Amino acid sequence: MTVRIAIDCMGGDHGLSVTVPAALAFARHEPQAQLLLVGRAADIEGMIGRVTDLRDRVQVRHADEVVTMDEPPAQALRGKRNSSMRVAINLVKDGAADVVVSAGNTGALMAISRFVLKTLDGIDRPAIASVLPNERGGTTTMLDLGANVDCTAEHLLQFAILGSSLVAAIDEKERPTVGLLNIGEEVIKGNEVAKRAAELLRASPLNFHGNVEGNDIYKGTTDVVVCDGFVGNVALKASEGLAQMLAGMIKDEFTRGPLSRALAVFAYPVLSRFKRRVDHRRYNGASLLGLRGIVIKSHGSADAYAFEQAIRRGYEAARHGLLERTIAAMQPFAIQLAAQPSAQPNAEPAQPQPANDQPRAAAA
């Protein structure tokens, strides 16, 4: 099947210099993809003008405004209706694209996506979810990773339902296990929001494991780990920093002297495999769950390889019918979601307060 991917080419720290080469590389690797490159048409055409073998599957859609990385979400939503981000999201709304991928301002992406696409029934806020490698050789799905820094217990329940539905839809697990990230496994641990969220989770049809700690993320204790965006963003960026530090330390030790460099030659295959396992770029691209459309958030500082991985994540999500399958997987929770006091009708968000950016997923 052909998957139509709208790409916000102007978003991110590097803009066109990363997004366009990544898009062209992905198009060459995946002949079933049709790409809609959104941004300043003259600039995009200038970069792909000599490319002739992909022009039947790569189109350019003009948008003359750009949402900057430090722009207030409300300003981007109300003041830039022709931004590359909004035009790309509108393509999904209008049915011209199956998924949108952006490395732009996380807060603006959440606000515009929520306003244009609307949230699913019973869901107040979109949540950023991504997969992380674990010791068992599989992955752990974690959310929220930075879209919502202040959450109620009801929001955490909604995130748990979204994460469980995502794993059930994509990994075809009938009842994924769900853990609530906390400072201890005991029921009495945590702040009032965490305690209340645990009560709601225990009363839900979810396969709730209980509280989990930070090390359980990479142990693979549960299929899904739920937390608010503030905690999730800090936890993942700390993990990313640790992975980069360990990789740097190993490199330093193998280049310390002639004998170490000689040993490095024999250890090269092992070192290469290790480097690949801790390369956060492989896991770039997180799903903005809870919307009536598929939105993929790339890290703002992604290079071309990392952004290509985000495009691939969006391609796979659309190809597997993520939206339809997630909605179907959420049906058993419809009554409980409708009963939550926090559920509000879709409306233009006043002042969303997301974390600064979606974190890069780091291997343990």
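What counts and what doesn't
- Residues numbered from 1 in each chain as written.
- Predicted model: local features only at pLDDT ≥ 70, side-chain atom pairs only at ≥ 80, totals over all residues.
- Heavy atoms only, no water.
- Pairing = 2+ DSSP bridges.
- Helix = DSSP H or I, 4+ residues; strand = E, 2+ residues; numbered from the N terminus.
- Axes fitted to C-alpha atoms, helices over the stretch in contact; angles between N-to-C directions.
- Contact = heavy atoms within 4.5 Å.
- Phe/Tyr/Trp six-rings, centres within 6.5 Å; stacked < 30°, edge-to-face > 60°.
- Buried < 20%, exposed > 50% of the residue type's maximum accessible area, 1.4 Å probe, protein only.
- Right-handed = clockwise from strand over helix to strand, strands pointing away.

S.K.: In this structure, what is going on with the sheet that holds strand β10 (residues 286-289)? I would like to understand it.
M.R.: Two strands in a sheet stick together by hydrogen bonds in their backbones, pointing the same way (parallel) or opposite ways (antiparallel). Taken in spatial order, the eleven strands line up as β3-β2-β1-β4-β11-β10-β5-β6-β9-β7-β8 in an open sheet, and their pairing is mixed. Where the open sheet ends on each side, the last strands, each with one partner, are β3 (58-62) and β8 (207-212). Recorded for the sheet is a direction-independent mean angle of 25° between the axes of neighbouring strands. Strand direction decides the pairing type here: β10 and strand β11 (residues 294-297), joined by two bridges, are antiparallel. Among the inter-strand pairings, serine 287 is bridged to a residue of β11, identified as isoleucine 296. With respect to the sheet, helix α1 (residues 16-29) is in contact with β1 (3-8), β2 (33-39) and β3, its orientation differing from that of β2 by roughly 170°. Each of β2 and β3 is contacted by helix α2 (residues 41-48), which is oriented at about 155° to β3, the strand it contacts most.

S.K.: Hey, could you run me through the packing of aromatic side chains in this one?
M.R.: Two numbers describe a pair of aromatic rings. These are the distance of the centres and the angle of the planes. Across all of its chains, the model carries one aromatic pair by this definition. Between the aromatic rings of phenylalanine 26 and tyrosine 315, the centroid separation amounts to 5.6 Å while the plane-to-plane angle is 65°, which identifies the pairing as edge-to-face. Placement of phenylalanine 26 in helix α1 and of tyrosine 315 in helix α11 (residues 304-319) is noted, with a sequence separation of 289 residues between them. Taking the relative accessible area as the measure of exposure, tyrosine 315 reaches 3% and is therefore buried.

S.K.: I tried to follow the pairing of β8 on my own but got confused; where do I start?
M.R.: Both faces of the sheet carry side chains from a regular strand, because those side chains alternate between them. Here strand β7 (residues 177-181) runs beside β8; their pairing, made up of five bridges, is parallel. By the bridge assignment, leucine 180 is partnered in β8 with asparagine 211.

S.K.: Is there a simple way to think about the pairing of β7 in this case?
M.R.: The buried fraction of β7 amounts to four of the five residues, a majority that puts the element mostly inside the structure. Since β7 and β8 lie parallel, the crossover through helix α7 (residues 192-202) that links them has a hand, and here it is right-handed. Here β7 pairs with strand β9 (residues 224-226) via three bridges, running parallel. The partner of glycine 179 across the bridge, within β9, is valine 225.

S.K.: Can you walk me through the environment of leucine 291 in this structure?
M.R.: Looking at the secondary structure, you find leucine 291 in the loop between β10 and β11. A residue is classified by how much of its surface remains accessible, and leucine 291, at 2% relative accessible area, is buried. Sequence-wise, leucine 291 and leucine 120 are 171 residues apart; in three dimensions their C-alpha atoms are separated by 5.5 Å. In contact with leucine 291, other than residues within four places in its own chain, are Ser113, Arg114, Lys118, Thr119, Leu120, Pro126 and Leu323.

These figures capture arrangement, not role.
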